[in-house]
Protein chains: 2
Amino acid sequence: MRPSARKIASVLTQKGYKLTAQRRAVIDVVVNSRQHLSPAALYERVRRTHPAIGLVTVYRTLEMLYELGLICRVHRGGKSRSYTLAPSVHHHHLVCAQCGTVADFTRCDLEVLQQRISRETGFKIEGHLLQFLGHCRDCQTRA
Amino acid sequence: MRPSARKIASVLTQKGYKLTAQRRAVIDVVVNSRQHLSPAALYERVRRTHPAIGLVTVYRTLEMLYELGLICRVHRGGKSRSYTLAPSVHHHHLVCAQCGTVADFTRCDLEVLQQRISRETGFKIEGHLLQFLGHCRDCQTRA
DNA sequence: ATAGTAAGTGAAAACCCTTTTCAGTTAGAT
DNA sequence: ATCTAACTGAAAAGGGTTTTCACTTACTAT
């Protein structure tokens with residue numbers, strides 16, 4: 001179940017952050033977007049309801065939400081980052097090298113590998129970073 | 001076995017690229033470095049033996065070597081890229097969250113997962129990024 | 001309600017890394 | 001030795017992100 005804008009707002013006030021109109025607007029866009037969005041794309045959408053907002057504020061709000069673990073950030077090789085609502089389920093990303101589209105997938109099945117690596121290296125493994133890079137259906141068709 | 005500077009140079013001439021002093025210098029640094037280096041770090045090192053070289057040339061040479069598959073490029077979230085000699089074996093990293101030690105491991109066994117993801121999403125998968133994060137043996141003992 | 005204050009805002013500038021432009025130089029073919 | 005396309009370095013441009021700073025505002029304490 002996706003976190004609501006209300007829930008996120010309450011975390012903010014609880015942590016001592018002020019609940020400004022700008023922050024509400026950014027949160028609303030993030031909550032109502034299904035896709036990963038770049039700061040610029042988010043800015044565009046926020047401006048529809050809040051034309052006076054600055055790109056800087058969008059950056060700052062995203063950074064804050066990210067620090068609080070409310071949204072997650074994906075790096076797209078060299079280009080801009082993208083943000084999306086923090087999902088309730090453990091999942092990973094699949095990035096299109098051409099258009100930057102990000103798809104999600106679950107069930108990474110890394111437990112067995114993780115156990116082997118742990119045994120071989122003596123590391124106590126606490127997490128993993130897994131991302132696939134490729135070309136999405138649309139870009140394949142276009143080519 | 002690591003490719004030699006001579007081998008790389010011969011690929012260049014074979015492909016019709018000119019073998020300039022600057023390119024030789026960049027290749028030498030890459031071949032003699034064990035770690036991944038950012039363009040800036042590489043530039044610093046190349047300048048020791050070739051003070052007049054421009055950063056642009058370093059970028060251009062790295063791009064060229066990358067296009068030829070002679071070196072590989074790693075994206076480090078948000079920051080600069082880094083380059084290293086194309087390794088003979090496919091491998092991944094295991095990073096200690098405490099001391100920063102990096103261990104390598106091979107056999108990531110992601111083919112099955114990769115096929116499933118490809119089938120489910122329609123993406124043509126070309127590569128993956130896998131990294132484990134944990135605590136190394138030494139840091140566990142110390143704690 | 002009101003005033004006070006620290007937090008937050010937007011515009012512009014600064015930053016970093018990377019790419020492009022352009023006039024001058026050079027490796028390698030003839 | 002000559003020629004020419006490829007290559008070079010400096011400077012400027014570019015894109016995304018962060019910093020700076022004067023102004024504004026959400027919340028707190030009267």
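Draft legend 1. Representation of the protein's contact with DNA strand C in the model. Around DNA strand C lies a shell of 19 residues, among which T20, R23, T57 and R60 of chain A together with Y59 of chain B are the nearest. Protein-adjacent atoms of DNA strand C, using a 4 Å cutoff, are sugar or phosphate at a proportion of 65%. With respect to DNA strand C, the side chain of K18 of chain A contributes an N or O atom lying 3.2 Å from a base nitrogen. With respect to DNA strand C, the side chain of R23 of chain A contributes an N or O atom lying 2.7 Å from a phosphate oxygen. Looking at the surface near DNA strand C, the elements with two or more residues in it are α2 (21–31) and α4 (55–67) of chain A together with α4 (55–67) of chain B.

Draft legend 2. The packing of aromatic side chains, seen in detail. All names here are of chain A. In this structure the tally under the stated criterion is two aromatic pairs over all chains. Their ring planes at 45 degrees and their centres at 5.5 Å tell us that F105 and F132 sit as a pair that is tilted. Residue F105 is found in strand β4 (residues 102–105), and its partner F132 is found in strand β5 (residues 124–135); the two are separated by 27 residues along the sequence. As far as burial versus exposure is concerned, F105 and F132 are alike and both buried. For R73, the ring lying beneath its charged end belongs to Y66, and the centroid distance is 4.1 Å.

Draft legend 3. Layout of the pattern of salt bridges. Considering all chains together, one arrives at eleven salt bridges over all chains under this definition. A salt bridge links R47 of chain A to E44 of chain A, with the nearest nitrogen and oxygen atoms 3.7 Å apart. Of this pair, R47 of chain A and E44 of chain A both sit in helix α3 (residues 39–49), three residues apart, which is roughly one turn of that helix. For E63 of chain A, the salt bridge identified is with R73 of chain A, shortest N-O distance 3.2 Å. Note that E63 of chain A is positioned in helix α4 and R73 of chain A in strand β1 (residues 71–75), a separation of ten residues in sequence. The exposure class assigned to E63 of chain A is partly exposed, which follows from its relative accessible area of 30%. Put simply, R107 and D109 of chain A together with R116 and E120 of chain B are held in one network by salt bridges that share partners.

Draft legend 4. A look at the domain arrangement of chain A. Residue and element names in this part refer to chain A. When its domains are assigned, chain A resolves into domain 1 (5–85) and domain 2 (92–142). Taking only C-alpha atoms, the centre of domain 1 and the centre of domain 2 are 25 Å apart. Tallying the contact residues gives seven residues for domain 1 and eight residues for domain 2. At the surface where domain 1 touches domain 2, the tally comes to zero salt bridges. The interface formed by domain 1 and domain 2 includes one residue pair in polar contact (both at pLDDT 80 or more). Across the side of domain 1 that touches domain 2, the residue classes tally to two nonpolar, three polar and two charged.

Draft legend 5. View of empty space enclosed by the protein. Residues and elements named next belong to chain A. Within this structure, the stated rule accounts for one cavity of 30 Å³ or more. For the lining of the largest cavity, the element with the most residues is strand β2 (residues 81–85), which contributes three residues. Grouping the constituent residues of the lining of the largest cavity by class yields five nonpolar, three polar and no charged.

Draft legend 6. Seen up close, helix α5 (residues 111–121) of chain A. Listed as buried for α5 of chain A are L113, Q114, R116, I117 and T121 of chain A. Projected down its long axis, α5 of chain A shows its buried positions confined to an angular sector of 165 degrees, all on one face. In this structure, α5 of chain A carries E111, V112, Q115 and R119 of chain A as exposed residues pointing more than 90 degrees from its buried face. Lining the buried residues of α5 of chain A we find β5 of chain A together with β3 (92–96), β4 (102–105), β5 (124–135) and α6 (137–142) of chain B. Positive backbone phi, at 80 degrees, marks G122 of chain A, one or two positions downstream of α5 of chain A.

Draft legend 7. Up close: the protein's contact with DNA strand D. Around DNA strand D, the structure places 19 residues, and the nearest of them are Y59 of chain A together with T20, R23, T57 and R60 of chain B. Sugar plus phosphate: this is where 66% of the atoms of DNA strand D within 4 Å of the protein reside. Between DNA strand D and the protein, one listed contact pairs a base nitrogen with a side-chain N or O atom of K18 of chain A at 3.2 Å. Of all the secondary structure elements, the ones that give two or more residues to the surface near DNA strand D are α4 of chain A together with α2 (21–31) and α4 of chain B. Class assignment of the residues belonging to the surface near DNA strand D gives a composition of eight nonpolar, five polar and six charged.

Draft legend 8. Quick peek at the nonpolar core. Counting residues in hydrophobic clusters, the biggest one holds 28 residues, and the most contacted among them are L94, L130 and F132 of chain A together with L94, L130 and F132 of chain B. Taken together, the elements giving at least two residues each to this core come down to β3 (92–96), β4, α5 and β5 of chain A together with β3, β4, α5 (111–121) and β5 of chain B.

Reading the values: the criteria
- Residues numbered from 1 in each chain as written.
- Chains lettered and ligands numbered in written order.
- Predicted model: local features only at pLDDT ≥ 70, side-chain atom pairs only at ≥ 80, totals over all residues.
- Heavy atoms only, no water.
- Near = heavy atom within 4 Å.
- Polar contact = N/O pair within 3.5 Å; in protein donor to acceptor, adjacent residues only side chain to side chain.
- Helix = DSSP H or I, 4+ residues; strand = E, 2+ residues; numbered from the N terminus.
- Phe/Tyr/Trp six-rings, centres within 6.5 Å; stacked < 30°, edge-to-face > 60°.
- Buried < 20%, exposed > 50% of the residue type's maximum accessible area, 1.4 Å probe, protein only.
- Lys NZ or Arg CZ within 6 Å of the ring centre and 35° of its normal.
- Salt bridge = Lys/Arg side-chain N within 4 Å of Asp/Glu carboxyl O.
- Domains from an automatic or database assignment.
- Contact = heavy atoms within 4.5 Å.
- Nonpolar A, V, L, I, M, F, W, Y, C, P; charged D, E, K, R; others polar.
- 1 Å grid on protein atoms, 1.4 Å probe; cavity = no way out; pocket = protein on both sides within 12 Å on 5 of 7 lines; lining within 4 Å.
- Points joined across faces, edges and corners; volume = space filled by probe spheres on them.
- Arc of directions from axis to C-beta.
- Core = buried A, V, L, I, M, F, W, Y, C linked by side-chain atoms within 4.5 Å.

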